[in-house]
Amino acid sequence: MKEKVNVTGVPETMVQTLYARAKETRKKNAKINDEIAVELVKNLDYDFSKADKDKAMNYGVIARTIVLDRMVEQYLEKNANTIVINIACGLDTRCYRMEGKYLRWYNVDLSETMKIRKRFLAETGPIYQIAKSAMDDSYIDDIDYHCENVLVIIEGLTMYLCEKDIRKMFFIIEKSFQEVTVMVETMSPFVVNHVKEKSIEATHTAQETPKRPNTEYRKTGLTVKKPSHQRRILTGRLITLTL
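Analysis parameters
Residues numbered from 1 in each chain as written. Predicted model: local features only at pLDDT ≥ 70, side-chain atom pairs only at ≥ 80, totals over all residues. Heavy atoms only, no water. Buried < 20%, exposed > 50% of the residue type's maximum accessible area, 1.4 Å probe, protein only. Helix = DSSP H or I, 4+ residues; strand = E, 2+ residues; numbered from the N terminus. Pairing = 2+ DSSP bridges. Right-handed = clockwise from strand over helix to strand, strands pointing away. Axes fitted to C-alpha atoms, helices over the stretch in contact; angles between N-to-C directions. Contact = heavy atoms within 4.5 Å. Core = buried A, V, L, I, M, F, W, Y, C linked by side-chain atoms within 4.5 Å. Expected span 1.5 Å × (residues − 1).

Participant: I'm lost on the pairing of strand β4 (residues 104-109) in this one. Help?
Facilitator: The side chains of a regular strand alternate between both faces of the sheet. In terms of burial, β4 is a largely internal element, six of the six residues being buried. Because side chains alternate across β4, one face comprises the buried residues R104, Y106 and V108, and the other comprises W105, N107 and D109, equally buried. The pairing of β4 with strand β5 (residues 127-131) spans five bridges and is classified as parallel. When the bridges of β5 are listed, V108 appears paired with I130. What joins β4 to β5 is helix α6 (residues 111-120), and the crossover it makes is right-handed.

Here is the structure:
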């Protein structure tokens, strides 16, 4: 029997991106393999019709999954005993595709989102769930950290945050860990201004969140582009995936 999920706004995008991965996996010449996503979609009572027709969203999700999977796997192969923190995890399943390559993996997201994740993905060591915002520094208290190497993954989030929240999120990361690498997905100015994801727009996220910030990489870190200047928001190692 299928289970109904009731989510609106930004949290609803996790169901639509899950569908994109499942849809690609079912193709004959699939570019990714996410059997867990396929099973989850089968068990969800949700109208996927808009997500099914949204090519822009589907292509973007598959592209970032391919690239981030490769980046994360290569990183973990070179850095043993790494703690991974997956911010805004939604119903992401990368922790299973990378199983055995990390020390501990923490999936972090809002309580509304994590309530749904817990219904379908029961995770207990070395995969853990934290139901808190990335702008709430208390989430660090739930991480078993003893100066190990840390990898933070931020996928499908920055485009929904204002500059103030992005700065706070990176400040928390920077002050909390000695050795940390951040892999973050950003959007290019062209995509922000010209590409519309119909299924995500239907969730009314545009009305609920600030205008997407234009972010890009510089040697000094992640910057938020302004008309007359740029301001650094993170020192340390930062790797960006820009769509």
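Read on, since the account is not over.
Participant: When you look at the sheet that holds strand β7 (residues 180-186) in this model, what are you seeing that I'm missing?
Facilitator: Within a sheet, each strand pairs with its neighbour through backbone hydrogen bonds, oriented either parallel or antiparallel. In spatial order, the strands read β5-β4-β3-β6-β7-β11; together these six strands make up an open sheet with parallel pairing. Unpaired on one side and paired on the other, β5 and β11 (237-242) mark the two borders of the sheet. The sheet shows a mean angle of 15° between the axes of neighbouring strands, taken without regard to direction. Across five bridges, the pairing between strand β3 (residues 83-87) and strand β6 (residues 150-154) is parallel. Paired with V84 across the two strands is L151, which belongs to β6. Sheet strands touched by helix α4 (residues 55-78): β3, β6, β7 and β11. Its angle to β7, the strand with the most contacts, is close to 170°.

Participant: Mind showing me how you'd approach the environment of D45 here?
Facilitator: Considering the arrangement of structural elements, one finds D45 in strand β2 (residues 44-45). Given the relative accessible area of 37%, D45 is considered partly exposed. Separated by 39 residues in the primary sequence, D45 and N6 place their C-alpha atoms 9.4 Å from one another. Those residues in contact with D45 that sit more than four places away from it in its chain are K2, E3, K4 and V5.

Participant: I would appreciate a short explanation of the nonpolar core in the present structure.
Facilitator: Looking at soluble globular proteins, one finds that nonpolar side chains tend to be buried together. With 27 residues, the main nonpolar core has I85, I87, Y139, I143, I154, M169 and I173 as its most contacted residues. Looking at this core, the elements with two or more residues in it are β3, β4, β6, α7 (163-176) and β7. Ranked by residues supplied to this core, first place goes to α7 with five residues. If near-sequence neighbours (up to four positions away) are discounted, I154 is found in contact with I87, M169, F170, I173, V182, M183, V184 and E185. If you look at the next biggest cluster of nonpolar residues, it comprises 22 residues, including V7, A37, L91 and F120.

Participant: Explain helix α1 (residues 13-25) here, please?
Facilitator: Along an α-helix, residues three or four apart share an orientation, since each turn contains 3.6 residues. Taking 1.5 Å as the rise per residue, α1 with 13 residues should run 18 Å; its terminal C-alpha atoms sit 19 Å apart, in good agreement. With respect to burial, α1 is a largely interior element, 12 of its 13 residues being buried. Among the residues of α1, those classed as buried are T13, M14, V15, Q16, T17, L18, Y19, A20, R21, A22, E24 and T25.

Participant: What exactly am I supposed to notice about unusual backbone geometry here?
Facilitator: Among all residues save glycine, negative phi is the norm, and among peptide bonds the norm is trans. A cis amide bond, omega 5°, links G125 with the succeeding residue P126. Within the element layout of this structure, P126 appears in the loop between α6 and β5. One non-glycine residue, N81, adopts positive backbone phi at about 55°. Structurally, N81 is set in the loop between α4 and β3.

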